[in-house]
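# Secondary and tertiary structure notes
If you want the building blocks of each chain, they are given just below.
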Amino acid sequence: MEQMDECCSTQLIDGDGSFNVEGLARFSKAVKLAECGLSYAVVSIMGPQSSGKSTLLNHLFRTNFREMDAFRGRQVATSSFTDSNSCIWMAKCADIEPCTLVMDLEGTDGRERGEDDTAFEKQSALFALAVSDIVLINMWCHDIGREQAANKPLLKTVFQVMMRLFSPRKTTLLFVIRDKTRTPLENLEPVLREDIQKIWDNVPKPQAHKDTPLSEFFNVEVTALNSYEEKEEQFKEQVAALRQRFYHSIAPGGLAGDRRAVVPASGFSFSAQQIWKIIKENKDLDLPAHKVMVATVRCEEIANEKFAQLVENEEWCELEEAAQSGLVSGFGKKLSLILEECLSEYDMEAIYFEESVRNAKRQNLETRLLQLQKLNEMNDSDFADVIMATDVAIKQANWDATKVRDKLHRDIEAHVDSVRAAKLSEITATYEGKLNKALAEPVESLLDAASNETWPSIRNLLQRETKTAVSGFTGALSGFDINDSTLDEMVANLERYARSVVETKAREEAGRVLIRMKDRFATLFSRDSDSMPRVWTGKEDIRGITKAARSASLKLLSVMAVLRLEEDADSIENTLALALVDTNNKKVTSVDPLASSTWEEVSAEKTLITPVQCKSLWRQFKTETEYSVSQAIAAQEANKRNNNWMPPPWAILALVVLGFNEFMTLLRNPLWLLVIFVGFLLVKALWVQLDISGEFRNGALPGLLSLSTKFLPTVMNLLKKLAEEGQTPTAPAPQRHAPLESNYGDNTQVNSDSASSNITSTENGVEHSSSLRQRQVQMN
């Protein structure tokens, strides 16, 4: 081991693959590694040969690894000292907390090793990944994006090795881009990450990790440095900034923040030695099993050391010698203190090792210590003497009767507490269920009604049901002997539960507010005050009905907007009305009262629907209800057109003025009146037969097309029936007792014909009915 400028270093593995056990032990002692516990980190660096790894480490961690001589060409420079073919060196970083150990690995793709380089490259990469928290990968900037870059074999090796190393622990890969060009790091990093992902995707994986993402194995970080030879000052500034990231690197979120499989510092030497041994023997490495192995060896060593120290303890030796002659006053207390001190020292040194192994070895040490006192070999008389002399009781021994008695009391109390807790939990669940049943549905119904009395009614309901539940709850707990503070806490929890039921239901209903608004609008718009469906006859005030229905929906929205379990006044309804409905009366202002995510008078915890959400809901509500309004307007217009056949007043006036001459002609020749009357009857008959109003119900064009096909057949049929009516002879009066049975067959046909030829003149008060004459003929 060498020491220069407060930087300790040692050769960890030589060129032949031999592990320097003694050198690492001296190194660990020199840097006081065992005192670090879990507060230490291990950093290693890998990369192509002569890529400036040692230079980077020396500037970054103030180590003294020997750097490549630029005038001698590319030669192995990993060693800071004698052996030019050395492989892995370790040093302690200067002035960095926590204690940080750095390993400089032999460069990859070097010419010194030749074909053997690949095998050692995989071994050293596996070793670095197994013992390091952070692995620096040194690479040239010009290799980024190149298919045959120098770092590709290295990354493939790292990824392949990690497939055999999978464990809950993740290693941080910090890619250091050397000799950065003018291309910004923001442009280089995505290309590098894409290259890394491609390598990961193409690396053969075990079946268990076919679909495992890269992030399960590595935390990938990227940084870039300028050329040391061309821009030395910038290089040093960038390295100084990078050095700051290694301070407190083991803190959560730090570069070495994942500490789930870390080996305690006192076991690092043994752990590193065993890992290298397994790698050299080409055995798969399983970190969790290795962690147990390290804990087993180290805890056994610590236990043996503490046992040996107790045997040589002067106070113990004096106590043992005095006990040979008889009972010693205060023997139990003195011996308990000695044993407790021994076990405490064991606990302090073994605290960071695997818990199960640590506890097992502690139990074994305690058994050995008690056997050393020969407490388990007492005869009956000795035991009786011990019972009489209570001061000989040893706290660590198991034969003291008080322990059994205390354990019995504890077990009884634990059982009672368990049964009691289960019963209390059952009672609490019962009353919570009652509250949920008593509050959930009524609150939903009240919110659906949405009026000014909604929240006062909900508050009264909550207060009433909570009071009832608390009364029954305290009565059910009266037999459990619960102290006042515990009872008050349980009652408070029940009251909070009742309030939470109301709040939860209110939030659920607020999520369905748009559906509720549309239902309320549809009910009020399409039904009258008697809940009867509206018929749009043309007399209804659609604008007023629409406004009333939307105002009721707005009331629902304002009720749902916030929780009002306290009697706090707010102006949400007025704000919504002014902003959404009364747009004509709204003052001209540049500030939208609903362009906010909070209400002025209401805290965020009580807000169910924010102002901006109200505005969005109202816009959607209006869009989805416009169709119903437009349909009502269309139906009203159609009804008006169907029922209004009279010409407008100006047309009537025009007819009177322009038709004066014709009117005078009619007065001079009354025969024209008879012709007009007959024509009127014919038109009326055609109107009825053709059902003109019904045909035009579906529109003008469909009505005209239908009438054009029916007009001529209807006229011909009408004329035929009139002709038949004229040819029918006058029949005598019917006989009262004429038989009717024989005429049933003809009666059907005659009635059918006569029904279509009834023509009535209301002006003359005379009714002509061919059907009457037909019945008289049949009866004769």
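Since the model is a prediction, treat every value here as computed from it, not as a measurement. Here the residue numbering is sequential within each chain, running from 1 through the sequence in written order. Whole-chain, interface and lining totals are the exception, using all residues; otherwise, since this is a predicted model, local features are given only for residues with pLDDT of at least 70 and side-chain atom pairs are given and counted only at 80 or more. Hydrogens and water molecules were not included; the side-chain quantities draw on all heavy atoms of the structure.

### Re the overall build of the protein
A tally of helices and strands in the protein yields 26 helices and 10 strands. Summary of the burial criterion: residues with accessible area below 20% of their type's maximum are buried, those above 50% are exposed, and those between are partly exposed, where the area comes from a 1.4 Å probe applied to protein chains only. When the 780 residues of the protein are sorted by exposure, 40% land in the buried category. Once local pairs closer than 6 in sequence are excluded, the contacts in the protein between residues at least 24 apart make up 72%. Note on areas: Shrake-Rupley, 1.4 Å probe, and residue coverage restricted to the protein chains presented here. For the protein, the exposed surface amounts to about 44,700 Å²; the carbon and sulfur share of it is 53%. Starting at the N terminus, helices and strands are each numbered in turn, a helix being any DSSP run of H or I of at least four residues and a strand any DSSP run of E of at least two. The contact criterion used is simple: two residues touch if any of their non-hydrogen atoms lie within 4.5 Å.

### Examining the pairing of strand S7 (residues 171-178)
Along S7, eight of the eight residues are buried, which leaves the element largely enclosed by surrounding structure. Both faces of S7 are covered, namely the face carrying Thr171, Leu173, Phe175 and Ile177 and the face carrying Thr172, Leu174, Val176 and Arg178. Summarising the sheet, strand S6 (residues 134-140) and S7 pair through seven bridges and their orientation is parallel. Each residue of the ladder has a partner; that of Ile137, found in S7, is Phe175. At least two DSSP bridges between two strands are required for those strands to pair. When S7 meets strand S8 (residues 218-224), the two strands line up parallel, connected through seven bridges. Paired with Ile177 across the two strands is Ala224, which belongs to S8.

### Considerations on the UniProt feature "binding site: GTP" (unreviewed entry) in the protein
With numbering aligned to this structure, UniProt lists the feature "binding site: GTP" (unreviewed entry) at Gly47, Pro48, Gln49, Ser50, Ser51, Gly52, Lys53 and Ser54. With respect to the helices, strands and loops of the structure, Gly47 is situated in the loop between strand S3 (40-46) and helix H2 (53-61). Among the residues examined, Gly47 registers a relative accessible area of 0% and is labelled buried. As for its placement among the helices and strands, Ser50 is situated in the loop between S3 and H2. UniProt positions are given in the numbering used here, feature names are shortened, and annotations may be inferred rather than shown by experiment.

### A closer look at the pattern of salt bridges
Side chains that differ in sign of charge can pair as their charged atoms come close. Definition used for salt bridges: Asp or Glu carboxyl oxygen within 4 Å of a side-chain nitrogen of Lys or Arg. According to the stated counting rule, one finds 27 salt bridges in the structure shown. In this structure, Glu426 and Lys423 form a salt bridge, with 4.0 Å as the shortest nitrogen-oxygen distance. One end of the pair is Glu426 and the other is Lys423, both in helix H13 (residues 401-449) and three residues apart, which spans about a single turn. Overall, the relative accessible area of 38% leaves Lys423 in the partly exposed class. One salt-bridge network, in which partners are shared between bridges, spans Glu444, Asp448, Lys505, Glu508, Glu509, Arg512 and Arg516.

### Things to note about the pairing of S6
With seven of its seven residues buried, S6 lies for the most part within the structure. Here S6 shows a buried face lined by Ile134, Leu136, Asn138 and Trp140 and a second buried face lined by Val135, Ile137 and Met139. Bridging between S3 and S6 involves four bridges; their strand directions are parallel. Looking across to S6, one finds that Ile45 is bridged to Leu136.

### Description of a negative patch on the surface
Distance thresholds for patches are 9 Å for like charges and 5 Å for nonpolar side chains (Val, Leu, Ile, Met, Phe, Trp, Tyr), applied to residues having over 30% relative accessible area and no salt bridge. Counting rule applied: Lys, Arg positive; Asp, Glu negative; His and chain ends not counted. Where a charge lies is defined by one atom per residue type: Lys uses NZ, Arg uses CZ, Asp uses CG and Glu uses CD. A cluster of acidic side chains, namely Glu314, Glu315, Glu318, Glu320, Glu321 and Glu341, defines a negative patch on the protein surface. Element by element, the count of residues in the negative patch is highest for helix H9 (residues 314-323), at five residues.

### Remarks on the environment of Ala224
Structurally, Ala224 can be placed in strand S8. Along the primary structure Ala224 and Val239 are separated by 15 residues, whereas in three dimensions their C-alpha atoms are 9.4 Å apart.

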